[in-house]
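Here is how the chains run, residue by residue.
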Amino acid sequence: MAVRWSAAHRSRPRHGETANGDSALIREDGGHTLLAVVDALGHGPLAADAAQAALRCLEQVPLTAGLASVLESLHQALRGGRGAAAMLALYDGRTLRCGGVGNVELRAMGTKIPVLPTPGILGQHVRAVREAEVTPARGDRLVLFSDGVSSRLELELTRGLLPEAACALLLERYGRETDDATVLVADVENP
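Basis of the calculations
- Residues numbered from 1 in each chain as written.
- Predicted model: local features only at pLDDT ≥ 70, side-chain atom pairs only at ≥ 80, totals over all residues.
- Heavy atoms only, no water.
- Buried < 20%, exposed > 50% of the residue type's maximum accessible area, 1.4 Å probe, protein only.
- Helix = DSSP H or I, 4+ residues; strand = E, 2+ residues; numbered from the N terminus.
- Pairing = 2+ DSSP bridges.
- Contact = heavy atoms within 4.5 Å.
- Axes fitted to C-alpha atoms, helices over the stretch in contact; angles between N-to-C directions.
- Core = buried A, V, L, I, M, F, W, Y, C linked by side-chain atoms within 4.5 Å.

**Student:** Looking at this structure, how should I read the pairing of strand S11 (residues 181–189)?
**Tutor:** Remark: a regular strand shows side chains that alternate across the two faces of the sheet. A large share of S11 lies buried, amounting to 8 of its 9 residues. Across 9 bridges, strand S1 (residues 4–12) lies against S11 in antiparallel orientation. From the neighbouring strand, Arg 12 faces S11, where its bridge partner is Ala 181. Strand direction decides the pairing type here: strand S10 (residues 141–146) and S11, joined by 5 bridges, are antiparallel. Opposite Leu 142, over in S11, you have Ala 186 as the bridge partner.

Now the structure itself:
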C-alpha cells in the first residue's frame, strides 16, 4: 500500500556568505517520491553553481529507472566541476531505497534504515553505491543532512514536531556556522 509523505527542508550558507553550496529537493512524479540533499565541495559561489547543477539534474531525471540510475545521472551531470556529496531516498510506491556518496547522512526514527554513504565524490570518483531497501511504515521519520549539521543531532528532540519545525530546530541547534548546512525531514503519513 502506497504511503504519503509530509516533508520540508531548510538550508543556509556558511556564516558571513550569501551563496550556498548545499541544496535539497523533494520531488513527486508518477507515484515516485525523491528526497535529496546535495553538498557541493567547498562553499561560496562555485559550490552554489555545482549545487544548482545537481538540482537541475534531479528535477529532470526519470525516477522510474531506480536509485542507482538517478545517482549515475547525478554523477554524470557533475562531471567537469567541483563535485558533490549527496544522499538520496527514492520511494516507488512500495519500497524506499536509500543511498549516498560522500559526507552526507540519513537517520531515521521508526523503521531502521541501514544506509552508509559510499566514499567518493559525485562528478569525480565514485565506487558502486551501497543501497539500503526498506518498506516504510506510518509514523516513520527520515532526516537527511549535510556535514554542515553535526552528526551528533538528536532526532528525539523533533518528536511531535511537523517537518518544517523539525528542520528549523535541527538547523538552529546543530548547524555549524563554519559550513553551509542543510536538513530535510520527511514523515510517512497515512495512505
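**Student:** Explain the environment of Tyr 174 here, please?
**Tutor:** Positionally, Tyr 174 belongs in helix H3 (residues 163–174). For Tyr 174, a relative accessible area of 12% corresponds to the buried category. When the C-alpha positions of Tyr 174 and Gly 148 are compared, they lie 8.4 Å apart, and in sequence the two are 26 residues distant. Leave out the neighbours within four places in its chain, and Tyr 174 touches Gly 148, Val 149, Ser 150, Arg 152, Leu 153, Glu 154 and Leu 157.

**Student:** Mind showing me how you'd approach the sheet that holds strand S3 (residues 32–40) here?
**Tutor:** Strand-to-strand pairing in sheets goes through backbone hydrogen bonds, with the strands running parallel or antiparallel. Pairing is antiparallel in the open sheet, where 5 strands are placed in the order S2-S3-S4-S5-S9. A single partner strand is all that each edge strand has here, and the edge strands are strand S2 (22–29) and strand S9 (132–134). Taking each pair of neighbouring strands and ignoring which way they run, the sheet shows an average axis angle of 10°. Contacts from helix H1 (residues 45–60) reach S2, S3 and strand S4 (84–91) within the one sheet, and its direction differs from that of S2 by about 5°. Helix H2 (residues 67–77) contacts S4 and strand S5 (96–101) of the sheet and is inclined by roughly 150° relative to S4.

**Student:** In this structure, what is going on with the nonpolar core? I would like to understand it.
**Tutor:** Note that soluble globular proteins tend to have their nonpolar side chains buried in a common cluster. Counting residues in hydrophobic clusters, the biggest one holds 25 residues, and the most contacted among them are Leu 34, Leu 58, Val 70, Leu 74 and Leu 88. Counting only elements with at least two residues in this core, the list comes to S3, H1, H2 and S4. Val 3, Tyr 91, Ala 132 and Ala 186 belong to the second-largest nonpolar core, a separate cluster that totals 22 residues.

The values are spatial; any link to function lies outside them.
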